[in-house]
Every structure is written in C-alpha cells, then in structure tokens.
Amino acid sequence: MGFGTLFIAMQSLSLSKEQLQEMTAYVHAHAPLEACGLLAGKNSQVEKIFFVQNQAQSPVRYVMDPIDQLHAFEWIESNDMDLLGIFHSHPAGPETVSPTDIAEAAYAVTYVILACVDSEWRTRGFWIENGEFREVSLQVNE
Ligand SMILES: [Zn+2]
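Keep in mind that this is a model prediction, so the values were computed, not measured. (Residues numbered from 1 in each chain as written. Predicted model: local features only at pLDDT ≥ 70, side-chain atom pairs only at ≥ 80, totals over all residues.)

### Section: the overall build of the protein
Piece 1. Each helix and strand counted, the protein has 3 helices and 7 strands in total.
Piece 2. Walking the protein from its N terminus toward its C terminus, one meets helices and strands in the order β-α-β-β-α-β-α-β-β-β.
Piece 3. The C-alpha radius of gyration computed for the protein amounts to 16 Å, which stays within 12% of the reference 14 Å derived for 142 residues, consistent with globular compactness.
Piece 4. Along the three orthogonal principal directions, the C-alpha set of the protein runs to about 60 × 40 × 35 Å.
Piece 5. Out of the 142 residues belonging to the protein, those deemed buried represent 27%.
Piece 6. Within the protein, residue pairs in contact and separated by at least 24 positions form 60% of the contacts whose partners lie at least 6 positions apart. (Helix = DSSP H or I, 4+ residues; strand = E, 2+ residues; numbered from the N terminus. Rg over C-alpha atoms; globule rule 2.2 N^0.38 Å. Buried ≥ 20, exposed ≤ 12 C-beta atoms within 10 Å, placed from the backbone. Contact = placed C-beta atoms within 7 Å.)

If you want it as structure tokens, here you go:
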C-alpha cells in the first residue's frame, strides 16, 4: 500500500497596501450601499482597480454597471492584462460569500469581499465554482 500525495492548489492574489486602502476607502464612502469593482493585472498581481457603479443601489446586492464594465474589459484587453478579481462590499457583513454571490458568480476570478464587521473593514478572497466556494489567500505587499 503506497502513500497518496495530495496536492492542494492554494491560489492567491497579490495587491499592494495602497490598493487595499483605496478599495476600502471606496466601499466605505458608499456604505450603507454595496459598492463594487474589478481588479486587473498579470500573474495574480493586481495592477489596476476599476471602480464600477452598482446599478442596484442596494445595501444587500450589487449589479455592475454594464457600460463601466465594458470600458474596463476593453482597457484590460488593450493593455494585455487579465481580469483577476471582482470585488464588492458587504457593508453590514458577513465576511463570507452570500448565497446570491454564489448563484451569480459568472467568472473564473477571485471574488474579493470587503465586509464591515464591528465597525472595521475586513477583506477576504474566494474562488466560486459549481455552487461551491473556497478561500483564496490575499497577499498584501508593502
Ligand atoms: Zn455579496
């Protein structure tokens, strides 16, 4: 009887401290409504943040403005980058993905959630696939 080897592909997404602060300030300014945007870059390193209007104007859901989204996608393509992530806020928590987030996840990217818990913004990343999710580690660089 041999030993099986279990490989766990731990995905990660890297962003700078400034980018994290910028996103946090943006979602904080829009609270109590949810705010959203896109993260683009190369090789899991975020290089550009797009702030996208939340068409839903809701405290519990987001619908990305299709025109903002289209402009972002065009920029990403013409700058030879990849869409790495989609972020949105949960101004009243929770820190994890909601059933709606799982149901509406349409891209193979990291879903970054900024949640306000006990008056403090916390950021976590998730990979959502086939109705399931797992954590993606966020590397915040100085
Ligand atoms: Zn959500």
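### A closer look at helix α2 (residues 66-78)
Piece 1. For α2, built from 13 residues, the straight-helix expectation of 18 Å at 1.5 Å per residue is met to within 8% by its first-to-last C-alpha distance of 18 Å.
Piece 2. Phi for Asp80, located one or two positions after α2, is positive at around 55°. (Expected span 1.5 Å × (residues − 1).)

### Quick word on unusual backbone geometry
Piece 1. Between Ala31 and Pro32 the backbone carries a cis peptide bond, its omega angle lying at 10°.
Piece 2. In this chain, Gly93 is followed by Pro94 through a cis amide linkage whose omega measures -5°.
Piece 3. Residue placement: Pro94 occurs in the loop between β4 (82-90) and α3 (99-104).
Piece 4. Its identity as a non-glycine residue notwithstanding, Ser44 has a phi of 65°, on the positive side.
Piece 5. With respect to the element layout, Ser44 can be found in the loop between β2 (36-42) and β3 (45-52).
Piece 6. Unlike most non-glycine residues, Asp118 shows phi in positive territory, near 50°.

### Quick word on the environment of Val140
Piece 1. Within the element layout of this structure, Val140 appears in strand β7 (residues 132-141).
Piece 2. Those residues in contact with Val140 that lie beyond four places of it in its chain are Leu15, Lys17 and Leu20.

### Digging into the pairing of β4
As a general feature of sheets, a regular strand has side chains that alternate between the two faces.
Piece 1. With 7 of its 9 residues buried, β4 lies for the most part within the structure.
Piece 2. As paired strands, β2 and β4 are joined by 6 bridges and run antiparallel to one another. Looking at β4, one finds that Gly37 is bridged to Phe87.
Piece 3. The sheet contact formed by β4 and strand β5 (residues 110-117) spans 6 bridges and is parallel. (Pairing = 2+ DSSP bridges.)

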